[in-house]
Amino acid sequence: MIKAVIFDLDGVMVHTDRFHYRAWKQLADELAIPFDEACNQRLRGISRMDSLEHILKNSNQSYSLKQKIQLTEKKNDTYKALIAHMTPADVEQEVLRTLETLKNKGLRLGVGSSSKNARFILERTSLSPYFDAVVDGTMIAKAKPDPEVFIKAAELLGVVPNAAAVVEDAPAGIAAAKAGGFIAFAVGDAISSALSDAVLYHFSDLPICLSNFNISSNKLQ
Ligand code: G6P
Ligand code: MG
């Protein structure tokens, strides 16, 4: 039986992906580096510095580590100004109802996010009380696709990885879940990831998919 669910935050429970895009776009424009929504999709789930490195591949200028750190700080300042306006209304009713249903079924719920802003977002949106454990970007040495964030969350929840489902919108997150031995449920952009164990076309399908998931065959029944 699946005993716990570990959720990614950005792009799964809240649509902060559009704020990440706006903040990176502003920085890329200032540096005269081409950057569009398609480039942004490749930044899902990966750390701030890995995202910058990805963007700088399209630059013919080289940057020192100190400059790169300054650039990530600049991006984060723009991003923080955007998420500062978030409220509980930024969480869809479907997400709240689903979390409620899972809690009522006795499942342990956790967050596994690469973001160092995850706790701030959980507080702004009043999502924090739903979770028994939160592991964010400040608590890990290696970001997704490394499984560290989910392994830490499972430890805090007191479950073994193969009794826990991970819900992810990023191919890097699905890869991290599988590398850690978790059951990987894909939403949104990760739906096309060949690695996932099941696909959620609607967030509200989660309770039924969890009940119908056969751990022995690793498939939906
Ligand atoms: C999430 C997002 C990524 C972001 C990462 C780090 O995983 O999907 O796009 O780069 O968090 O976020 P942070 O808020 O620490 O810059
Ligand atoms: Mg995500």
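The structure this text deals with has already been given above.
First, a word on what this report is: a plain description of the structure on this page. (Residues numbered from 1 in each chain as written. Chains lettered and ligands numbered in written order. Predicted model: local features only at pLDDT ≥ 70, side-chain atom pairs only at ≥ 80, totals over all residues. Heavy atoms only, no water.)

Considerations on the side chain of S51
Mapped onto the fold, S51 is located in helix α3 (residues 48-56). For S51, a relative accessible area of 3% corresponds to the buried category. Only 2.8 Å separates the side chain of S51 from the backbone oxygen of S47, close enough to count as a polar contact. Dropping the residues within four chain positions of it, S51 is found in contact with W24, L43 and I46. (Helix = DSSP H or I, 4+ residues; strand = E, 2+ residues; numbered from the N terminus. Buried < 20%, exposed > 50% of the residue type's maximum accessible area, 1.4 Å probe, protein only. Polar contact = N/O pair within 3.5 Å; in protein donor to acceptor, adjacent residues only side chain to side chain. Contact = heavy atoms within 4.5 Å.)

Points about the coordination of the magnesium ion (ligand 2)
For the magnesium ion (ligand 2), the protein coordination sphere consists of D8 (OD), D10 (O) and D169 (OD), at 2.0 to 2.1 Å. All donors of the magnesium ion (ligand 2) belong to a single chain; written as a sequence motif, their spacing is D-x1-D-x158-D. A residue pair is termed long-range when its members are at least 10 positions apart, and D8 in the loop between β1 (4-7) and α1 (17-30) and D169 in the loop between β4 (164-168) and α8 (171-179) qualify at 161 residues. Each member of the pair D8 and D169 is classed as buried. (Donors = N, O, S within 2.8 Å, 3.2 Å for Na, K, Ca; no water.)

Some words on the packing of α3 against helix α4 (residues 65-83)
Contact pair α3 / α4: the axes reach a minimum separation of 10 Å and the direction vectors enclose 110°. Compared by their axis directions, α3 and α4 come out roughly perpendicular. Mapping the contact onto sequence places R48, M49, L52, E53 and L56 in α3 and L65, K68, I69, L71, T72 and N76 in α4. Looking at the contact of α3 with α4, its residues break down into six nonpolar, two polar and three charged. (Axes fitted to C-alpha atoms, helices over the stretch in contact; angles between N-to-C directions. Parallel < 35°, antiparallel > 145°, perpendicular 65-115°, else oblique. Nonpolar A, V, L, I, M, F, W, Y, C, P; charged D, E, K, R; others polar.)

Considerations on the sheet that holds strand β6 (residues 198-199)
Taken in spatial order, the six strands of this open sheet run β3-β2-β1-β4-β5-β6, and their pairing is parallel. The strands lining the two open edges of the sheet, one partner per strand, are β3 (133-135) and β6. In terms of strand pairing, β1 meets β4 through four bridges, oriented parallel. Bridging across to β4, F7 finds its partner in V167. Docked against the sheet, α8 engages β4 and β5 (183-186), running at close to 165° with respect to β5. (Pairing = 2+ DSSP bridges.)

Looking at the site of ligand 1
As a structural note, the neighbourhood of ligand 1 is formed by 14 residues, with I46, R48, S115, K116 and N117 the closest of them. At 2.9 Å from an oxygen atom of ligand 1 is found a main-chain nitrogen or oxygen belonging to G45. Between ligand 1 and R48 there is a distance of 2.7 Å, counted from an oxygen atom to a side-chain nitrogen or oxygen. Its free accessible area being 390 Å², ligand 1 has 96% of it covered by the protein chains. Considering only residue class, the shell around ligand 1 consists of three nonpolar, seven polar and four charged. (Near = heavy atom within 4 Å. Areas by Shrake-Rupley, 256 points an atom, 1.4 Å probe, with all protein chains shown as cover.)

Describing the packing of aromatic side chains
In the structure shown here, the tally under the stated rule is five aromatic pairs. With 5.7 Å between their ring centres and 20° between their planes, Y21 and F35 make a pair best called stacked. Here F35 lies in the loop between α1 and α2 (37-41) and Y21 lies in helix α1, a separation of 14 residues in the sequence. Ring centres of F150 and F182 lie 6.1 Å apart, and the angle between their planes is 65°; this geometry places the pair in the edge-to-face category. Taken together, the residues F150 in helix α7 (residues 148-157) and F182 in the loop between α8 and β5 connect sequence positions 32 residues apart. Like F182, F150 is buried. For the cation-ring pair, K75 lies above Y79, with the distance from its terminal atom to the ring centre recorded as 4.6 Å. (Phe/Tyr/Trp six-rings, centres within 6.5 Å; stacked < 30°, edge-to-face > 60°. Lys NZ or Arg CZ within 6 Å of the ring centre and 35° of its normal.)

Things to note about the pairing of β4
Burial analysis of β4 places five of its five residues in the buried class, the great majority of the element. Of the two faces of β4, both are covered, the one formed by A164, V166 and E168 as well as the one formed by A165 and V167.

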